[in-house]
Amino acid sequence: HIKQQGRNAIHFFDSSVNQQAQQHQQLNDGLRCALTNGELFLQYQPRFDIEGQRILGAEALLRWQHPEQGLVPPFTFITLAEESGMILKLGAWALQQACTDALEWNRQSPYPIPVSVNLSPRQLRDPELIPDICDALRISGLPAELLELEITESVVIEDINRILGTLHELRDIGISLSIDDFGTGYSSLAYLKKLPVNTLKIDRSFVIDLPGNTDDECLIEAIITMAHSLRFKVVAEGIETQAQQAVLKKLGCDELQGFLMARPGSAAELINLAHSCDTDSDALSQILIRR
Ligand code: C2E
Ligand code: MG
Ligand code: MG
Ligand code: MG
């Protein structure tokens, strides 16, 4: 009887693994056509000053509108694309599209709004990355100063020797670099200081239990203090409540991104938002000085 149960268990396991593999295969096949079928698009989520009043940048977030499955979460398809290598094509497309959109919104916006594009680990190791970026800038006409790139902390730790040259090249072109999901990867700030990076984005997981979680609060405070002494700018992501905003302001965080201020939306929505939080010329010169 036990043996039988064991068999069933194995059988059950097999079929669910199979099902998952099949689903992955389907998504992979779909993803290959998604680009040519126009199923991919970008949304933009603005980043704000600590008061939540001025837009200081906008992050491009990739979306896949699957014809049958609807909107597929980026976590699912980006992981798959990373495994299959498709991310190189998707990433190049996202760079080009983001630069084109950003040039257009900077034509219409009352003040400059840089675009941030996420880079996957695989893109960072790809020799075509720098040519792809130069193409995107040249074809769009976007000045390099209005492009920022986000790389995750784990990549930096695992592959530093391999990507250090690339990071310096990007900085030499005039592009700003951020470390994304900071705090999840156990890297030391002193070590990050050796990188040509301007900004740390504190991961949402540290923000989610604020206020009330004193451990998280202490961690954020320590990160901000050290980051500032090393001349990094600090952005907190995933701000959903005014109480969270208040804690981050108290702790000296520089910039905020989250549903409280704005959800990801279209480039048109970003332009509208930029007009509704128009800055005076003083604020504009502040932004230009900081960049
Ligand atoms: P990320 O770069 O850390 O992007 C921030 C994520 O947090 C986005 O999720 C955004 O929608 C979400 N978010 C922002 N504010 C809030 C908030 O207040 N509450 C909550 N619950 N979530 C918030 P999204 O768009 O699902 O993207 C997930 C991840 O997928 C991104 O994390 C990034 O790692 C990756 N990703 C997205 N687009 C691209 C891309 O073009 N290329 C690459 N390589 N990765 C991308
Ligand atoms: Mg990001
Ligand atoms: Mg992030
Ligand atoms: Mg994150």
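- The protein has the name EAL domain-containing protein in an unreviewed UniProt entry, where Marinobacterium rhizophilum is given as its organism.

**A look at the coordination of the magnesium ion (ligand 2)**
Part 1 of the reasoning: Glu59 (OE), Asn118 (OD1), Glu150 (OE) and Asp180 (OD) make up the full set of protein donors to the magnesium ion (ligand 2), lying at 2.0 to 2.2 Å.
Part 2 of the reasoning: Summarised as a motif, the one-chain spacing of the donors to the magnesium ion (ligand 2) is E-x58-N-x31-E-x29-D.
Part 3 of the reasoning: Separating the magnesium ion (ligand 2) from the magnesium ion (ligand 3) is a gap of 3.6 Å, bridged by Asp180, which donates to each. One end of the pair, Glu59, is in strand S2 (residues 55–66); the other, Glu150, is in strand S5 (residues 147–152), and 91 residues separate them in sequence. Note on accessibility: Glu59 and Glu150 belong to one class, buried.

**Some words on the confidence of the model for the protein**
Part 1 of the reasoning: For the protein, per-residue confidence averages 89 on the pLDDT scale, and 90% of positions sit at 70 or higher.
Part 2 of the reasoning: Two summary scores accompany this predicted model of the complex, namely pTM at 0.90 and ipTM at 0.98.

**Things to note about the coordination of the magnesium ion (ligand 4)**
Part 1 of the reasoning: Surrounding the magnesium ion (ligand 4) are the protein donor atoms Asp181 (OD) and Glu237 (OE), which sit 2.2 to 2.6 Å from the metal.
Part 2 of the reasoning: The metal-metal distance between the magnesium ion (ligand 4) and the magnesium ion (ligand 3) is 3.1 Å, with Glu237 coordinating both. Of this pair, Asp181 sits in strand S6 (residues 176–182) while Glu237 is found in strand S8 (residues 233–237), placing the two residues 56 residues apart along the sequence.
Part 3 of the reasoning: Owing to a relative accessible area of 24%, Asp181 belongs among the partly exposed residues under this scheme.
Part 4 of the reasoning: Residue classification places Glu237 among the buried residues on the basis of a relative accessible area of 12%.

**A short note on the pairing of S8**
Part 1 of the reasoning: For S8, the tally of buried residues reaches four of five residues, placing the bulk of the element in the interior.
Part 2 of the reasoning: The pairing of strand S7 (residues 199–202) with S8 spans four bridges and is classified as parallel. Bridging from a neighbouring strand, Lys201 pairs with Val235 of S8.
Part 3 of the reasoning: Regarding topology, helix H8 (residues 214–229) serves as the crossover connection from S7 to the parallel S8, and that connection is right-handed.
Part 4 of the reasoning: Bridging between S8 and strand S9 (residues 255–257) involves three bridges; their strand directions are parallel. Directly across from Glu237, in S9, lies its bridge partner Gln257.
Part 5 of the reasoning: For the segment spanning S8, helix H9 (residues 242–250) and S9, crossover handedness is right-handed.

Rules of the game
- Residues numbered from 1 in each chain as written.
- Chains lettered and ligands numbered in written order.
- Predicted model: local features only at pLDDT ≥ 70, side-chain atom pairs only at ≥ 80, totals over all residues.
- Heavy atoms only, no water.
- Donors = N, O, S within 2.8 Å, 3.2 Å for Na, K, Ca; no water.
- Helix = DSSP H or I, 4+ residues; strand = E, 2+ residues; numbered from the N terminus.
- Buried < 20%, exposed > 50% of the residue type's maximum accessible area, 1.4 Å probe, protein only.
- pLDDT = per-residue confidence, 0-100.
- Pairing = 2+ DSSP bridges.
- Right-handed = clockwise from strand over helix to strand, strands pointing away.

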